Amino acid sequence: MFKHLLILILLTTFNSFAQKSSSEIYVDLQKLHSLKRVLYVAAHPDDENTRLLAYMSLGERAETAYLSLTRGDGGQNLIGNELSEKLGVLRTQELLAARSHDHANQYFSRAVDFGYSKSASESLEKWGEDQILSDMVLVIRKFKPDVIITRFPPDKRGGHGHHTASAMLAIKAFDKAADAKYEPEQVKQFGTWQTTSLYWNTSYWWMEAIEDSAKKYPERYFTQDIGGYNPLLGMSYNEIGTIARSQHKCQGFGAIIERGERLEYFEHLAGEKIEKSFFEHAERSWSSMVNKDLENQFDQLLKDFDFKTPSNNVAALIKIRNELRKIDDTFISREKLDLCDQIIFDCLGLFVEAVADDYSFVSGDSVSLEVNFLNRSERDVSVQQMSVSDYPTTYNQKLLPQKEVTIELKKKINADYSGPYWLQEAFNDLFTVKNKDDLGKAESDPTCAVFIALNVDGEKIPITVPLTYKWRDPSYGERRREVISTPAFTASVENDIQIIKTDQSKVVKFKVHNFSEQLNDKIQIVAPNGWKASPDVFDLKMDKKHQEKWFEFTLTPTKKAENGILSFVDNDNKEVRSYLEIAYDHIPTQVLMNNCVINCIKLDAAIQEGRVAYIKGVQDDVPTAIRQLGFEVDEFEVEQLADLDLSAYQSVVLGIRIYNVHPVLSNYHDKLFKYVENGGNLIMQYNTASRSANKMEFGPKSFSLSRDRVTEEDAVVEILVPDHPIFNYPNKITNDDFNNWVQERGLYFAGEWDDSYQALISWHDTGEEPVKGGLIVTNYGKGQFVYTGISFFRELPKGVVGAYRLFANILSYKK
């Protein structure tokens with residue numbers, strides 16, 4: 001097939017080609033010439049030292065990569081309500097956004113981020129140490145780094161168990177990658193690899209006096225200033241690195257740009273010690289990999305590079321390209337050829353895009369698209385062949401200087417539904433990857449791409465251009481997104497959890513989106529045992545693509561109803577897919593299409609009916625859960641408190657991390673505490689114990705936040721005050737209500753508190769002392785104030801029955 005001959009894959013966010021200046025092209029040429037390689041290893045998105053990656057990639061001109069064990073699925077979200085696997089998708093794209101600035105590569109293992117872990121042993125047990133070690137060795141054998149650098153130490157100083165595990169695995173992988181007996185199938189494909197040195201990128205986080213220690217024990221550390229300025233780029237490496245760091249927006253890592261000297265410290269873990277350079281023990285050379293003449297060609301081109309007319313460099317680049325094809329190592333050969341081809345196209349000022357007339361297509365349908373070319377040089381360039389999903393069509397289309405050329409195509413395209421490859425199968429603590437070629441990859445290949453062979457000065461050079469859709473946004477200008485493959489239609493529910501009391505009913509709404517030109521199908525509702533859906537069949541008739549219709553049915557649990565999954569099936573008895581977009585300005589739009597289901601839960605939970613005011617912090621799904629319980633909920637921004645009459649509300653709930661994102665809330669303390677004094681019920685959910693938060697006062701009586709947390713979701717619970725109203729009205733809370741929780745018990749518990757507070761719950765992780773700050777309450781005037789670090793924001797959206805019952809009591813609480 002023609003597509004197998006095509007090497008260069010350009011996966012940029014908005015354009016098929018990011019146009020570069022002459023100086024940027026020269027930096028890429030320097031990197032093409034370099035044979036240095038470095039791999040950075042840590043546990044999560046945002047763990048990486050982006051300043052160091054920028055220095056390695058753009059300063060040392062080394063092929064640089066970051067291997068993150070997880071995609072950050074277990075973290076929190078500062079900018080939206082995505083959690084779990086959805087958060088993992090968002091954080092993956094934020095990593096790739098960071099890489100677009102520091103110019104490193106990105107890899108992952110199959111490990112699922114299951115939340116905060118207090119020990120490496122727990123992490124390795126959950127993931128399966130052998131599987132993650134195999135993934136890491138695979139990346140090392142493919143990428144072939146000269147040096148591996150860990151972000152964390154291989155001991156308890158790493159803090160998070162995932163952190164420590166990443167360093168422990170790196171030490172083992174350092175040796176295993178060179179062992180021909182380990183994973184012999186990998187060896188057949190990629191060979192073994194012996195990295196020369198393994199270092200830990202330590203810092204003042206682990207040792208405040210690191211600078212003094214490095215001076216006192218120079219034999220223990222390697223010190224490097226990474227703050228150098230690159231005049232070709234007009235920026236220093238720590239400037240570039242802090243811009244990259246700021247792409248981790250959902251984790252709140254926006255940073256003030258750093259400039260000037262920045263010393264980084266590295267402690268030896270394994271292999272050769274270094275004295276002057278990370279690459280002083282590297283043995284690769286162009287003479288050994290190809291021939292001495294190639295080194296001379298590089299030297300000459302770097303010396304004579306034409307900055308004014310970059311296209312004059314193409315002839316020399318094509319000669320270098322022909323020599324690069326002689327490299328024995330398939331991975332490095334492909335990598336270098338890809339970069340060389342990109343430099344050639346950049347020197348030509350070549351613009352190529354493949355644009356469809358819509359952002360989606362149904363697999364098997366014909367897609368109309370156009371491929372636009374613009375050669376902004378005087379060199380001889382023509383289109384030889386082009387293919388979408390079939391064998392190539394031959395062309396002889398010259399690309400004359402500054403003359404736009406458009407080739408229109410209409411092709412029948414068969415493709416799997418779009419979406420992250422690691423979410424195509426069910427998973428627990430390890431993602432299931434069906435195609436072994438996807439192992440380690442940061443994201444899925446484009447759903448559809450155009451494969452093109454260009455003739456440049458008589459040389460055939462292949463390129464692959466992802467198919468995109470572009471449109472004009474009056475506020476932003478040109479916008480783009482990847483073209484995706486979809487089912488004929490999808491169904492999306494308003495709420496994928498339905499909490500209903502026995503003998504009560506709820507109206508459930510769902511939206512059907514038509515992705516086909518004409519839809520004639522049906523949806524049948526398949527309810528769990530003991531549940532009744534009425535009606536349970538819906539005819540679907542739509543004659544316009546992207547037409548949407550809302551439908552509704554009444555869902556009723558009988559006395560014999562069992563908790564379970566309600567599903568939607570089509571005419572062919574196939575499960576209907578849902579459709580979800582994760583869309584933010586700093587990442588490409590991501591699409592998830594899972595089976596459309598509703599978790600049906602029969603809930604035995606009473607409430608003291610009333611209205612609840614929810615003051616929004618970080619976006620979360622807690623207000624939806626409160627409505628599920630039967631409360632009336634009004635949501636407000638912090639600024640609306642100025643004119644809000646709180647006396648109309650039975651309870652006021654402060655959203656998660658509200659002080660972290662809206663510190664101005666402290667300006668409304670008088671109003672909030674007056675509400676409590678007059679008989680109100682004020683509930684504060686968790687906030688992170690940041691430096692700024694620790695300076696604040698919380699509650700009508702003082703208490704402080706800590707970093708205490710209980711990570712074991714099945715940690716034994718001790719109810720400290722069994723006769724307290726929160727455990728007795730309107731629902732009797734017992735230890736059974738703490739069964740089947742997910743990920744954790746809670747986080748950022750109260751650390752110290754005024755004597756007027758009562759601590760209601762005690763629990764702890766294995767081998768640790770009891771922690772009592774997860775739920776504290778105090779009376780104040782006629783009302784009461786509650787602080788809870790319990791992870792209601794995780795438990796409620798997952799349908800944890802006991803969490804609903806406990807939260808119902810907290811919302812109904814009157815002293």
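Up top is the structure these notes are about.
Residues numbered from 1 in each chain as written. Predicted model: local features only at pLDDT ≥ 70, side-chain atom pairs only at ≥ 80, totals over all residues. Heavy atoms only, no water.

Novice: I would appreciate a short explanation of the overall build of the protein chain in the present structure.
Specialist: Secondary structure assignment for the protein chain yields 18 helices and 44 strands. By the compact-globule yardstick of 28 Å for 815 residues, the protein chain fits well, its C-alpha radius of gyration being 29 Å. Referenced to the eigenvectors of the C-alpha coordinate spread, the extents of the protein chain come out at roughly 85 × 75 × 55 Å. Across the 815 residues that make up the protein chain, the buried fraction comes to 57%. (Helix = DSSP H or I, 4+ residues; strand = E, 2+ residues; numbered from the N terminus. Rg over C-alpha atoms; globule rule 2.2 N^0.38 Å. Buried < 20%, exposed > 50% of the residue type's maximum accessible area, 1.4 Å probe, protein only.)

Novice: What is the right way to read empty space enclosed by the protein from this model?
Specialist: Rolling a probe over the atoms, with the probe sized like a water molecule, indicates the empty space that remains. The full count for this structure, using the stated rule, is 2 cavities of 30 Å³ or more. Its boundaries defined by the atoms lining it, the largest cavity holds a volume of some 90 Å³. If you go around the largest cavity, you meet 13 residues; those closest to its centre are Leu83, Gln619, Asp620, Ile656 and Phe793. Residue composition of the lining of the largest cavity, grouped by class: 5 nonpolar, 5 polar and 3 charged. In this structure, the second largest cavity encloses a volume near 50 Å³. Looking at the second largest cavity, the residues that line it are Arg71, Phe108, Ser109, Arg110, Tyr421, Trp422, Phe431, Val433, Asp438, Leu439 and Gly440. Across the lining of the second largest cavity, the residue classes tally to 6 nonpolar, 2 polar and 3 charged. (1 Å grid on protein atoms, 1.4 Å probe; cavity = no way out; pocket = protein on both sides within 12 Å on 5 of 7 lines; lining within 4 Å. Points joined across faces, edges and corners; volume = space filled by probe spheres on them. Nonpolar A, V, L, I, M, F, W, Y, C, P; charged D, E, K, R; others polar.)

Novice: Mind showing me how you'd approach the side chain of Ser311 here?
Specialist: With respect to the secondary-structure elements, Ser311 resides in the loop between helix H11 (292-304) and helix H12 (314-324). Residue class for Ser311 comes out buried when judged on its relative accessible area of 8%.

Novice: Sorry, what's going on with the sheet that holds strand E32 (residues 611-615) here?
Specialist: Through backbone hydrogen bonds, the strands of a sheet pair up, either in parallel or in antiparallel fashion. Sheet architecture is open: 7 strands sit in the order E33-E32-E34-E35-E44-E43-E41, paired in mixed fashion. Only two strands of the sheet have a single neighbouring strand rather than two, namely strand E33 (632-636) and strand E41 (758-759). The strands touched by helix H14 (residues 622-629) within the sheet are E32, E33, strand E34 (651-654) and strand E35 (681-685), with E33 carrying the most contacts at an inclination of about 160°. (Pairing = 2+ DSSP bridges. Contact = heavy atoms within 4.5 Å. Axes fitted to C-alpha atoms, helices over the stretch in contact; angles between N-to-C directions.)

Novice: Before we go on, may I ask you to explain the pairing of strand E6 (residues 197-202) in this structure?
Specialist: Each regular strand carries side chains that alternate between the two faces of the sheet. Among the 6 residues of E6, 6 are classified as buried, and the element is accordingly described as predominantly covered. Alternating residues of E6 divide into Ser197, Tyr199 and Asn201 and Leu198, Trp200 and Thr202, and every residue in both groups is buried. Two elements, strand E5 (residues 147-150) and E6, share 4 bridges in a ladder whose sense is parallel. Bridge assignment links Val147 to a residue of E6, and that residue is Ser197. Direction of pairing for E6 relative to strand E10 (residues 263-271): antiparallel, over a ladder of 6 bridges. Bridge pairing in E10 links Asn201 to Phe266.

Novice: How do you make sense of the layout of surface pockets when you look at a structure like this?
Specialist: Computed from the structure, the second largest pocket encloses a volume of approximately 2100 Å³. In terms of lining, the second largest pocket is formed by 49 residues, of which the most central are Asp46, Trp205, Arg245, Phe253 and Arg707. Of the residues that constitute the lining of the second largest pocket, the class distribution is 11 nonpolar, 20 polar and 18 charged.

Novice: What is the right way to look at the packing of aromatic side chains in this model?
Specialist: Each aromatic ring pair is characterised by the separation of its centres together with the angle its planes make. According to the stated counting rule, one finds 40 aromatic pairs in the structure shown. Their ring planes at 40° and their centres at 6.4 Å tell us that Phe222 and Phe266 sit as a pair that is tilted. One end of the pair, Phe222, is in strand E7 (residues 221-225); the other, Phe266, is in strand E10, with 44 residues separating them in the sequence. Each of the two residues, Phe222 as well as Phe266, counts as buried. Ring plane angle 75° and centroid distance 5.7 Å describe the contact between Phe703 and Tyr757, whose orientation is recorded as edge-to-face. Of this pair, Phe703 sits in strand E36 (residues 703-705) while Tyr757 sits in the loop between strand E40 (750-753) and E41, placing them 54 residues apart in sequence. (Phe/Tyr/Trp six-rings, centres within 6.5 Å; stacked < 30°, edge-to-face > 60°.)

Novice: Teacher, can you tell me more about the state of the cysteines here?
Specialist: In total, this model carries 0 disulfides according to the counting rule given. No disulfide involves Cys347; its nearest neighbouring cysteine sulfur is the one of Cys340, lying 9.3 Å away. As a non-bridged cysteine, Cys600 has Cys596 as the owner of its nearest cysteine sulfur, 11 Å distant. (Disulfide = S-S within 2.5 Å.)

Novice: Which parts of the structure should I look at to understand the environment of Ser812?
Specialist: Along the polypeptide, Ser812 turns up in helix H18 (residues 801-812). For Ser812, a relative accessible area of 2% corresponds to the buried category. As a C-alpha pair, Ser812 and Phe727 span 85 residues in sequence and 11 Å in three-dimensional space. What Ser812 contacts, discounting residues up to four positions off in sequence, is Ile607, Gln608, Phe631, Gln650, Tyr729 and Pro730.

Novice: Would you mind going over helix H4 (residues 120-127) with me for this structure?
Specialist: Along an α-helix, residues three or four positions apart point the same way, because every turn accommodates 3.6 residues. Buried residues of H4: Ala120, Glu122, Ser123, Leu124 and Trp127, and no others. Summarising the contacts, the buried residues of H4 are in contact with helix H5 (129-143) and helix H6 (161-176). One or two residues past the end of H4 sits Gly128, with phi positive at roughly 95°.

Novice: In this structure, what is going on with the nonpolar core? I would like to understand it.
Specialist: A general trend in soluble globular proteins is that nonpolar side chains are found buried together. With 83 residues, the main nonpolar core has Ile626, Phe703 and Tyr787 as its most contacted residues. In terms of residue count, H18 provides more of this core than any other element does, 7 residues in total. Those residues within four positions of Ile626 in sequence are excluded, and the remaining contacts are Val612, Tyr614, Phe631, Val633, Val653, Phe807 and Leu811. Residues Leu348, Val388, Leu399 and Val405 belong to the second largest nonpolar core, which totals 57 residues. (Core = buried A, V, L, I, M, F, W, Y, C linked by side-chain atoms within 4.5 Å.)

Novice: Is there a simple way to think about the sheet that holds strand E24 (residues 519-526) in this case?
Specialist: Spatially, 5 strands are ordered E22-E31-E28-E24-E26 in an open sheet, and the strand pairing comes out mixed. Of all the strands in the sheet, the pair left with one neighbour each is strand E22 (497-500) and strand E26 (537-542). For this sheet, the mean inter-axis angle between neighbouring strands, taken without regard to orientation, is 20°. Both E24 and strand E28 (residues 564-569) contribute to a ladder of 3 bridges, which runs antiparallel. By the bridge assignment, Gln524 is partnered in E28 with Val569.

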